Amino acid sequence: MEIIKNVKGTHDIFGEETNAYERVEAMMKSIAELYAYNGVRPPVLEYNSVFVRGVGESSDIVRKEMYTFPDKGDRLLTLRPEFTAGIMRLVVQNKLYATNELPLKLYYVGPVFRYERPQLGRYRQFNQFGVESIGHNSPMNDVEVIVLAYTILCSLGLEGVTIKINTLGDEESRNNYRTALKEYFKNHIDNMCVDCKSRYELNPLRILDCKVPEDRPIIDGAPQIGDYLSDASKARFEQVQDALATLQIPYEIDKGLVRGLDYYSETVFEFHYVSKTGANYGAIGAGGHYGKLMQELGGPELPGVGFSFGIERIVSVLKDDNLLEDTKNELDAYVMPLGEEALLVSEEIAVYLRNSGGYKVDLCFDKTKLGNMFKRASAKHAKFAVIIGEEEMNNDSVIVKNLSSQEQITVKVDELIDKFDELLTKEETQE
């Protein structure tokens, strides 16, 4: 019978890699919570209009990358390609903006789906972590979100992260800039790629994000957003830069940074990284400010700012830099029954250690030699073996063996938790 394989563009996560993902996600969550963010879990499925209205018809995500299909009621549904629009829908539908102090600070983690060409580190189903701070227009809100993202990357052990920032300006700025871009590109667009021709009609700012090499010389000669900023947008961007400098957050201005989603305005940013092996990962996270997204989804006109990290890309970077060495599945103890009669008692001991001591414990169920059990304990990276035979059952005791030092002692069952506390504390101080 033919083996059924996973869908193209998806990948299985298991073993030590699962531990790596969970460690990274736990670190991200814990730091977000230090900044007073709370978790939300929007559904994977949304009505297609959430993303068409939220992300924007001119974005590549909406035009080419969404998994969209009719359900049995002929309603058009979409697997989420990004979180922000769905979170805005959640906030509007549940009126969180009216029942919570603003800014509303939310974090999320989970899978997203984009129909892209699978390649190294890029999948059609992948995982994102991110935050949204909603309801306050202060440039300091933009700054704090950048600082939070940078803190997460530094806490994961990454050194030399490059923060690139730019401003897309307010609505007045972008309208003036769009007009200038239309005028500039009108004499070039016939010689540019099919996507750029479509972007020219829908949103000429998207042309600046084109990756086709033949189009880059034309794009490099285009007008710069900085020449069309309103006084208010110039002042806001200067405040962001001043605050980052004061907080000693390193950054550089990238005038070509526009981001790929239509809802962004004002401050946008990306986090770039080159691993210690020299691999240039480009942007490992990104985000920005948005002004009218909530209004597009039926809510009040409240601004927000957020970022997201691709967990797959972050884990890959950490592997490259040897920062995931402690992700093995380790046991505190492996319980070894000597004979059929000892099996039930061994299960009782294992349950006791787990429930009363909070220890990670596994048990050998097979009838096998003691030497084989020690091999299994070693393969499971157990710190201690707990051996139970006829003599131990008669004396209400167990043998505890340190699998590193090979020292062993006999311990009464009613003293087992205290002894394990003592032994593991000693083990940790020696590491």
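Computed from a predicted structure; not experimentally measured.

*Asks:* Could you give an account of the overall build of the protein, with specific residues and numbers?
*Replies:* Across its full length, the protein holds 16 helices and 16 strands. Its C-alpha atoms give the protein a radius of gyration of 28 Å, more than 25% over the compact-globule value 22 Å for 431 residues. For the protein, the residues scored as buried account for 48% of the 431 residues in total. Here the analysis covers contacts within the protein between residues at least 6 apart in sequence; of these, 70% occur between residues at least 24 apart. For the protein, the accessible area works out to roughly 21,700 Å², and carbon and sulfur atoms hold 48% of it.

*Asks:* Can you lay out the sheet that holds strand β1 (residues 38–39) for me, pointing to particular residues and giving the numbers?
*Replies:* Ordered in space as β1-β5-β6-β11-β10-β9-β7-β8, the 8 strands form an open sheet in which the pairing is mixed. Unpaired on one side and paired on the other, β1 and β8 (252–253) mark the two borders of the sheet. In the sheet, strand β6 (residues 125–134) pairs with strand β11 (residues 304–310) via 7 bridges, with the strands oriented antiparallel. Looking at the pairing, Val131 lines up with Phe307 of β11. Docked against the sheet, helix α6 (residues 139–155) engages β5 (104–113), β6, β7 (162–167), β9 (264–274), β10 (280–290) and β11, running at close to 15 degrees with respect to β11.

*Asks:* I'd like to hear about the pairing of strand β4 (residues 76–79), residue by residue, with values.
*Replies:* In terms of strand pairing, strand β2 (residues 45–47) meets β4 through 3 bridges, oriented antiparallel. If you follow Glu46 over to β4, its bridge partner there is Thr78. For strand β3 (residues 67–70) and β4, the ladder comprises 4 bridges, and the chain directions are antiparallel. Across the sheet, Phe69 pairs through a bridge with Leu77, a residue of β4. As consecutive antiparallel partners, β3 and β4 are separated by 5 residues, and within that stretch Asp74 has a phi angle of approximately 60 degrees, a positive value.

*Asks:* Any details on the side chain of Asp142? Residues and values, ideally.
*Replies:* Among the secondary structure elements, Asp142 is positioned in helix α6. The buried category is assigned to Asp142, whose relative accessible area is 0%. A polar contact is formed between the side chain of Asp142 and the side chain of Arg236, at a distance of 3.0 Å. With sequence-adjacent residues up to four places away left out, Asp142 is seen in contact with Arg236, Thr267, His289 and Val305.

*Asks:* I'd like to hear about the nonpolar core, residue by residue, with values.
*Replies:* A general trend in soluble globular proteins is that nonpolar side chains are found buried together. If you look at the biggest cluster of nonpolar residues, it comprises 49 residues, and the most contacted ones within it are Ile87, Val91, Ile134 and Phe185. Here this core gets 6 residues from one element, more than from any other, and that element is helix α4 (residues 84–93). Non-local contacts of Ile134, meaning those with residues more than four positions away in its chain, are made with Ile87, Met88, Val91, Leu102, Pro103, Leu104, Leu106, Tyr290, Met294, Pro303 and Gly304.

*Asks:* Lay out the pattern of salt bridges in plain terms, naming residues and giving numbers.
*Replies:* Following the criterion strictly, the structure yields 15 salt bridges and no others. A cluster of three or more residues bridged by salt bridges with shared partners is formed by Glu171, Lys292 and Glu301.

*Asks:* Please provide a residue-by-residue account of the side chain of Ser397, values included.
*Replies:* The residue Ser397 is located in strand β15 (residues 397–402) in this model. On the basis of relative accessibility, which here comes to 7%, the residue Ser397 falls in the buried class.

*Asks:* Account for helix α7 (residues 171–185), naming residues and giving values.
*Replies:* In an α-helix there are 3.6 residues to a turn, and that puts residues three or four apart on one side. Relative to the 21 Å expected for 15 residues at 1.5 Å per residue, α7 spans 21 Å between its end C-alpha atoms, a close match to the ideal helical length. Here the buried face of α7 lies against α8 (194–202), α9 (216–220), α10 (231–246) and β9.

*Asks:* Give a description of unusual backbone geometry that names residues and reports values.
*Replies:* Trans is the common state for peptide bonds, and a negative phi is the common state for residues other than glycine. Leu102 connects to Pro103 through a cis peptide bond whose omega is 5 degrees. Mapped onto the fold, Pro103 is located in the loop between α5 (96–99) and β5. A positive phi angle, near 60 degrees, is found at Gln248, a position not held by glycine. Relative to the helices and strands, Gln248 resides in the loop between α10 and β8. The class of Gln248 is exposed, set by a relative accessible area of 71%.

*Asks:* Any chance you could break down the packing of α6 against α10 for me, citing the residues and the numbers?
*Replies:* Between α6 and α10, the shortest axis-to-axis distance is 9 Å and the interhelical angle comes to 40 degrees. As summarised for this structure, α6 and α10 are arranged oblique, according to the angle between their axes. As α6 packs across α10, the resulting crossing turns out to be right-handed. Contact residues: Pro139, Met140, Asp142, Val143 and Ile146 in α6; Arg236, Gln239, Val240, Ala243 and Leu244 in α10. A class-by-class count of the residues in the contact of α6 with α10 yields 7 nonpolar, 1 polar and 2 charged.

*Asks:* Lay out the sheet that holds strand β12 (residues 331–337) in plain terms, naming residues and giving numbers.
*Replies:* Taken in spatial order, the 5 strands make up an open sheet running β13-β12-β14-β15-β16, and their pairing is mixed. Looking at strand neighbours, the two that pair on one side only are β13 (361–363) and β16 (408–412), the edges of this open sheet. In this sheet, neighbouring strand axes are inclined to one another by 25 degrees on average, regardless of whether the strands run parallel or antiparallel. With 6 bridges joining them, β12 and strand β14 (residues 382–388) adopt parallel strand pairing. By the bridge assignment, Tyr334 is partnered in β14 with Ala385.

*Asks:* Describe the packing of aromatic side chains, listing the residues and the values that go with them.
*Replies:* Ring pairs (aromatic) are described by centroid distance and by the angle formed between their planes. Using the criterion set out here, one finds 10 aromatic pairs in the structure. When the ring of Tyr177 is compared with that of Tyr228, the centres are 5.8 Å apart and the planes differ by 35 degrees; the resulting orientation is tilted. Taken together, the residues Tyr177 in helix α7 and Tyr228 in the loop between α9 and α10 connect sequence positions 51 residues apart. Classification of Tyr228 as partly exposed rests on a relative accessible area of 28%. When the centroid spacing of 5.8 Å and the interplanar angle of 70 degrees are considered together, the rings of Phe269 and Phe271 count as edge-to-face. The exposure classification of Phe269 matches that of Phe271, with both residues buried. Joined through ring pairs, the aromatic side chains of Phe269, Phe271, Phe307 and Phe309 make up one cluster. The ring of Tyr115 has Arg124 lying over it, and the distance from NZ or CZ to the ring centre is 4.1 Å.

Reading guide: rules and limits
Residues numbered from 1 in each chain as written. Predicted model: local features only at pLDDT ≥ 70, side-chain atom pairs only at ≥ 80, totals over all residues. Heavy atoms only, no water. Helix = DSSP H or I, 4+ residues; strand = E, 2+ residues; numbered from the N terminus. Rg over C-alpha atoms; globule rule 2.2 N^0.38 Å. Buried < 20%, exposed > 50% of the residue type's maximum accessible area, 1.4 Å probe, protein only. Contact = heavy atoms within 4.5 Å. Areas by Shrake-Rupley, 256 points an atom, 1.4 Å probe, with all protein chains shown as cover. Pairing = 2+ DSSP bridges. Axes fitted to C-alpha atoms, helices over the stretch in contact; angles between N-to-C directions. Polar contact = N/O pair within 3.5 Å; in protein donor to acceptor, adjacent residues only side chain to side chain. Core = buried A, V, L, I, M, F, W, Y, C linked by side-chain atoms within 4.5 Å. Salt bridge = Lys/Arg side-chain N within 4 Å of Asp/Glu carboxyl O. Expected span 1.5 Å × (residues − 1). Parallel < 35°, antiparallel > 145°, perpendicular 65-115°, else oblique. Left-handed = near helix turned anticlockwise from the far one by under 90°. Nonpolar A, V, L, I, M, F, W, Y, C, P; charged D, E, K, R; others polar. Phe/Tyr/Trp six-rings, centres within 6.5 Å; stacked < 30°, edge-to-face > 60°. Lys NZ or Arg CZ within 6 Å of the ring centre and 35° of its normal.

Distances and angles like these do not, on their own, reveal function.
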